[in-house]
Amino acid sequence: MSGRAVLRQGDTESPDPGAKKTAAGRRAVPSAGKGAGAGGVSLANTPSEHEEQVSLFRWADFAVRRYPELELMHAIPNGGHRNKVTAAKLKAEGVKAGVPDVFLPVPRGQWHGLYIEMKTRTGRVRENQAQWLRRLHGQGYQVAVCRNWYAAKTLIEDYMESKT
């Protein structure tokens, strides 16, 4: 696992993409290093969205023994900075801005599958992302914004265990 991934619970936002963000989703982590005064906080040791997502997929590689369907979980690499030529090619191939980062195409209960938008503790959900989450939810998919890999892991476990 990434040495910087911090095991924190409770950092999943409401599956209702229209819901207000919780205060827990905006806390900085206490700093043990330089740069923060006594009792101060620093974002310097906060894992990036990339690191959190890598940690999630490392967990999934391990958890596939318990949940074989995790073999189907995949990332949707719509984000990131690209040069104009690459961006134009990807757009022509059907890449669309705002699509959530992770998809688990496994039905459970009323849901056709699970979409997860990964964000850092301070990351913001852009309007086009919120629109995608609302539209996917309306089409029968469970959706969530997760602020760390552990929250996404917990969500996936709950989803996989649900029968209704």
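Here, the structure is the one placed above.
A.B. asks: Even after reading the chapter, I still don't get the pairing of strand β3 (residues 114-118), so can you show me in this structure?
C.D. replies: Regular strands show a simple pattern: their side chains alternate between the two faces of the sheet. The buried fraction of β3 is high, at five of five residues. Residues L114, I116 and M118 point to one face of β3 and Y115 and E117 to the other, with burial holding for every one of them. Alignment of strand β2 (residues 102-104) against β3, held across three bridges, turns out to be antiparallel. Counterpart to L104 in the pairing with β3 is L114.

A.B. asks: When you look at the side chain of D101 in this model, what are you seeing that I'm missing?
C.D. replies: Mapped onto the elements, D101 comes out in the loop between α2 (84-92) and β2. Buried and without a salt bridge, D101 has K119 as its closest oppositely charged side chain, separated by 6.0 Å. Setting aside anything within four residues of it in sequence, one finds D101 in contact with E49, Q53, H74, A75, I76, I116, E117 and M118.

A.B. asks: How should α2 be read in this particular structure?
C.D. replies: Along an α-helix, residues three or four apart share an orientation, since each turn contains 3.6 residues. Counting buried positions along α2 yields zero of nine residues, so the element is predominantly exposed. Put simply, N83 is the residue that caps the front of α2, since its side-chain oxygen is 3.1 Å from the backbone nitrogen of V85. G94 sits one or two positions beyond α2 and adopts a positive phi of about 110°.

A.B. asks: How should the nonpolar core be read in this particular structure?
C.D. replies: Among soluble globular proteins, nonpolar side chains are generally buried collectively. Within the largest apolar cluster, 25 residues are counted, with the highest numbers of intra-cluster contacts made by L56, L70, L104, I116 and I156. Of all elements in the fold, only α1 (49-63), β2, β3, β4 (142-146) and α4 (149-161) reach the threshold of two or more residues within this core. Per-element tally for this core: the top contributor is α4, with eight residues. Residue contacts for L56: discarding those within four places in its chain leaves M73, V102, M118, W149, A152, K153 and I156. I76, F103, V125 and L136 belong to the second largest nonpolar core, which has ten residues in total.

A.B. asks: Just checking my understanding: could you explain the packing of α1 against α4 for this structure?
C.D. replies: A pair of packed helices is characterised by two quantities: the angle between their axes and the separation of those axes. Running from amino to carboxyl end, α1 crosses α4 at an angle of 40°, the nearest separation of the two axes being 8 Å. In terms of orientation, α1 lies oblique with respect to α4. Here α1 and α4 pass one another in a crossing that is right-handed. Where α1 approaches α4, its residues E52, S55, L56 and W59 are matched on the opposing element by W149, A152, K153, I156 and E157. The class makeup of the residues in the contact of α1 with α4 is five nonpolar, one polar and three charged.

Criteria and thresholds
- Residues numbered from 1 in each chain as written.
- Predicted model: local features only at pLDDT ≥ 70, side-chain atom pairs only at ≥ 80, totals over all residues.
- Heavy atoms only, no water.
- Buried < 20%, exposed > 50% of the residue type's maximum accessible area, 1.4 Å probe, protein only.
- Helix = DSSP H or I, 4+ residues; strand = E, 2+ residues; numbered from the N terminus.
- Pairing = 2+ DSSP bridges.
- Lys, Arg positive; Asp, Glu negative; His and termini not counted.
- Salt bridge = Lys/Arg side-chain N within 4 Å of Asp/Glu carboxyl O.
- Contact = heavy atoms within 4.5 Å.
- Polar contact = N/O pair within 3.5 Å; in protein donor to acceptor, adjacent residues only side chain to side chain.
- Core = buried A, V, L, I, M, F, W, Y, C linked by side-chain atoms within 4.5 Å.
- Axes fitted to C-alpha atoms, helices over the stretch in contact; angles between N-to-C directions.
- Parallel < 35°, antiparallel > 145°, perpendicular 65-115°, else oblique.
- Left-handed = near helix turned anticlockwise from the far one by under 90°.
- Nonpolar A, V, L, I, M, F, W, Y, C, P; charged D, E, K, R; others polar.

The values are spatial; any link to function lies outside them.
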